[in-house]
Amino acid sequence: MNGIDWLAARIIDAANRDMAAGPTPQRFNPRPAGVIRDGSATQAVLDFLRLHPGRYFTHPQIVAATGRTEKACDWALLFLRAKNKVRAESADAARSHGYLRYSIAQEGEDASTK
């Protein structure tokens, strides 16, 4: 038996062992992606906006109200906008379009920037 035959036999044996073992069980993930965790900044922002339906808040107002860092609120607002739970619109004509105001989105509403 030459080296190539020996290597091919080993590869076949390994493949047969893997197929006989069956599918691997799913591992438990304690922090699955896309889930809002209790006590997180995302939960705090969402709760704050739900307390004031129909009202719009600027980013600094949300940071002050939730007591979270600016970066944590940035990520929370990005995530909530992607999930269509928060809507954002331009503050007014006098300010740049980069300044947004945020509000809770109604069910079935498109929460894209207006």
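As a reminder, the structure under discussion sits directly above these lines.
Residues numbered from 1 in each chain as written. Predicted model: local features only at pLDDT ≥ 70, side-chain atom pairs only at ≥ 80, totals over all residues. Heavy atoms only, no water.

J.: Break down the packing of helix 3 (residues 59-66) against helix 4 (residues 70-82) for me, citing the residues and quoting the values.
T.: The interhelical angle for the contact between helix 3 and helix 4, taken along N-to-C directions, is 110°, at an axis separation of 10 Å. Comparing the axis directions of helix 3 and helix 4 gives the class roughly perpendicular. Where helix 3 crosses over helix 4, the handedness of that crossing is right-handed. On the side of helix 3, the interface is formed by H59, I62, V63 and T66, while helix 4 contributes E70, C73, D74 and L77. Per-class residue counts for the contact of helix 3 with helix 4 are four nonpolar, two polar and two charged. (Axes fitted to C-alpha atoms, helices over the stretch in contact; angles between N-to-C directions. Helix = DSSP H or I, 4+ residues; strand = E, 2+ residues; numbered from the N terminus. Parallel < 35°, antiparallel > 145°, perpendicular 65-115°, else oblique. Left-handed = near helix turned anticlockwise from the far one by under 90°. Contact = heavy atoms within 4.5 Å. Nonpolar A, V, L, I, M, F, W, Y, C, P; charged D, E, K, R; others polar.)

J.: Got a sec to walk through the sheet that holds strand 2 (residues 86-90)? Specific residues and values, please.
T.: Within the open sheet, the three strands sit side by side as 1-3-2. Their pairing is antiparallel. Looking along the sheet, the strands with just one partner apiece sit at the ends: strand 1 (57-58) and strand 2. As defined by bridge partners, strand 2 adjoins strand 3 (residues 100-104) across five bridges and the pair is classed as antiparallel. By the bridge assignment for strand 3, E89 is matched with R101. In this fold helix 4 packs onto strand 2 and strand 3, with an angle of close to 105° to the strand it touches most, strand 2. (Pairing = 2+ DSSP bridges.)

J.: Tell me about a nonpolar patch on the surface, and name the residues and values.
T.: The grouping of W6, L7 and I11 at the surface amounts to a nonpolar patch, some 320 Å² of accessible area in total. Structurally, the position occupied by I11 is in helix 1 (residues 3-21). (Patch = residues over 30% accessible without salt bridge, like charges linked within 9 Å, V, L, I, M, F, W, Y side chains within 5 Å. Areas by Shrake-Rupley, 256 points an atom, 1.4 Å probe, with all protein chains shown as cover. Salt bridge = Lys/Arg side-chain N within 4 Å of Asp/Glu carboxyl O.)

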